[in-house]
Amino acid sequence: MGSTLNISISTHQGDDKLTETVTVLSLKGELDSSTYKDLQAKAEEIISEDTKNILIDMSGLNFIGSAGLRAIHTTSNSTKEKGGSVKLLKPSEASQRVLKTLGFDQFFEVFQDLDKAIDSFKPVH
Amino acid sequence: MDSICIYSGEVDINDIHDLRQHTEHALKQRGLDDDTCASLVIVVEEWLSNIVNYAYQGKKGELELKVDVNDSQARICIRDQGPEFNITSVKAIQIKDVNSPDAKPGGLGIELIRRLVDDLDYSRSEDGWNQSCFRRNIQ
């Protein structure tokens, strides 16, 4: 049996009206050399539909490789072009190992709490 | 040295998941800690995907995967019949440059391997096999 990656999507609005809409991509399974294209395709799809703020929930990932990080990196660059960003939520132990080993935890904002993560997308005036 | 051949035969991208699992099982059976197992499984993912995508360009190709374990180290050796490619000669990439919007993120896999192992070596046999070995010290 090959790798599997389930991606579920939800949209969130923070408590106050100033907070922007955030799309949460919840990943479950393995983000590796054979599944990273699924994430990339889904991210491209929602970005083309005017999503610019993406929170990637990594709590359900039991494996991630560099191809997975590359997909997150590509998604991040696409949201930046629209004035948005990608942030990470609750990286699993497997995710943390790879993020820290490559130093990506310094380039992405990482949150442990969903509400705080959603609120962090509030525009700074 | 406790040596086990995990796999010998043809592979493509769809086989990598199972080979990761076989490697993890073999390492855990030999009592290695979770961190060492997880790190070496990542090495297997990265190097096999490199071989399948670049050396064999998505087609099926021959591969041998072997694990050696003793009291002080675990060693993964992977052989392939792709063009000569010496991992030890690949320059390290600067991670800070990877996340700039203009950066090309190639080379991340090899950089990840470098950071997860204590030593790596490469040899090319006269009959056209690359052998790349990845050693990690056991705490």
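Structure's up top.
What counts as what
Residues numbered from 1 in each chain as written. Chains lettered and ligands numbered in written order. Predicted model: local features only at pLDDT ≥ 70, side-chain atom pairs only at ≥ 80, totals over all residues. Heavy atoms only, no water. Helix = DSSP H or I, 4+ residues; strand = E, 2+ residues; numbered from the N terminus. Rg over C-alpha atoms; globule rule 2.2 N^0.38 Å. Buried < 20%, exposed > 50% of the residue type's maximum accessible area, 1.4 Å probe, protein only. Contact = heavy atoms within 4.5 Å. Areas by Shrake-Rupley, 256 points an atom, 1.4 Å probe, with all protein chains shown as cover. Lys, Arg positive; Asp, Glu negative; His and termini not counted. Charge placed at Lys NZ, Arg CZ, Asp CG, Glu CD. Axes fitted to C-alpha atoms, helices over the stretch in contact; angles between N-to-C directions. Parallel < 35°, antiparallel > 145°, perpendicular 65-115°, else oblique. Left-handed = near helix turned anticlockwise from the far one by under 90°. Nonpolar A, V, L, I, M, F, W, Y, C, P; charged D, E, K, R; others polar. Pairing = 2+ DSSP bridges. Right-handed = clockwise from strand over helix to strand, strands pointing away. Core = buried A, V, L, I, M, F, W, Y, C linked by side-chain atoms within 4.5 Å. Disulfide = S-S within 2.5 Å.

A.B. asks: Help me out: how do you make sense of the overall build of chain B in this one?
C.D. replies: A count of helical and extended segments in chain B gives four helices and five strands. Taken from N to C terminus, the helices and strands of chain B fall in the order β-α-α-β-β-α-α-β-β. Its C-alpha atoms give chain B a radius of gyration of 15 Å, within 12% of the compact-globule value 14 Å for 139 residues. Taken along the three principal axes of its C-alpha coordinates, chain B extends 45 × 35 × 30 Å. Residues classed as buried in chain B amount to 49% of the 139 residues present. Sequence separation of 24 or more characterises 67% of the internal contacts of chain B that already satisfy a separation of 6 or more. Only carbon and sulfur atoms are counted for the fraction: they give 42% of the accessible area of chain B, which is about 6800 Å². Separation of charge centres in chain B, based on 16 positive and 25 negative side chains, amounts to 4 Å.

A.B. asks: Help me out: how do you make sense of the packing of helix α2 (residues 34–55) of chain B against helix α4 (residues 108–116) of chain B in this one?
C.D. replies: All names here are of chain B. Where α2 contacts α4, the two axes come as close as 9 Å, and the packing angle between them is 150°. One finds that α2 runs roughly antiparallel with respect to α4. The interaxial crossing formed by α2 with α4 has left-handed handedness. For the pair formed by α2 and α4, the contact residues are S39, I42, V43, E46, W47 and N50 on the first element and G109, I110, L112, I113 and L116 on the second. Tallied by class, residues from the contact of α2 with α4 come to seven nonpolar, three polar and one charged.

A.B. asks: What am I meant to see in the sheet that holds strand β5 (residues 110–111) of chain A here?
C.D. replies: Think of a sheet as strands paired side by side through backbone hydrogen bonds, with each pair either parallel or antiparallel. Residues and elements named next belong to chain A. Reading across the sheet, the five strands line up as β1-β2-β3-β4-β5 and stay open at both edges, with mixed pairing between neighbours. The sheet terminates laterally at β1 (5–12) and β5, the two strands that pair on one side only. Taken together, the five bridges between strand β3 (residues 53–64) and strand β4 (residues 85–89) define a ladder with parallel strand orientation. Its bridge partner lying in β4, D57 is registered against L89. Strands β3 and β4 of the sheet are contacted by helix α3 (residues 93–102), whose axis makes an angle of about 105° with β3.

A.B. asks: Just to check I follow, could you spell out the pairing of β3(A) for this structure?
C.D. replies: Residues in a regular strand point their side chains to alternate faces of the sheet. Residues and elements named next belong to chain A. Of all 12 residues that make up β3, nine are buried, and the element is covered over most of its length. Pairing between strand β2 (residues 22–31) and β3: eight bridges, direction parallel. Paired with G29 across the strands is L61, a residue of β3. Note on the crossover from β2 through helix α1 (residues 36–48) to β3: the handedness is right-handed. Traced from β3 through helix α2 (residues 66–81) to β4, the parallel crossover comes out right-handed.

A.B. asks: Please explain the nonpolar core as it appears in this structure.
C.D. replies: Across soluble globular proteins, you tend to see nonpolar side chains buried next to one another. A:L31, A:I72, B:I78 and B:F134 are the most contacted members of the largest nonpolar core, which totals 60 residues. Here the element with the most residues in this core is α2(B); it accounts for 10 residues. Setting aside chain neighbours within four positions, we find A:L31 in contact with A:L5, A:Y36, A:L39, A:L61, A:F63, A:I64, A:G65, A:G68 and A:I72. Counting eight residues, the second largest nonpolar core, distinct from the first, contains A:V22, A:L55, A:F111 and A:I118.

A.B. asks: What is the right way to read the state of the cysteines from this model?
C.D. replies: Where two cysteines share a covalent bond between their sulfur atoms, that bond is called a disulfide. Residue and element names in this part refer to chain B. For the structure on display, the rule yields one disulfide over all chains. Bridging C77 to C133, the disulfide has an S-S length of 2.1 Å. Its S-S torsion of about 115° marks the bond between C77 and C133 as right-handed, since a negative value means left-handed. Separated by 56 residues along the polypeptide, C77 in strand β3 (residues 73–80) and C133 in strand β5 (residues 130–137) bring together distant segments of the chain. Residues C77 and C133 agree in their burial class; the two are buried. Lacking any disulfide linkage, C5 is separated from the closest cysteine sulfur, that of C77, by 11 Å. C37 takes part in no disulfide bond, and the closest cysteine sulfur to it belongs to C77, at a distance of 17 Å. With a relative accessible area of 1%, C37 lands in the buried category.

Such coordinate-based values are descriptive only and should not be taken to indicate function.
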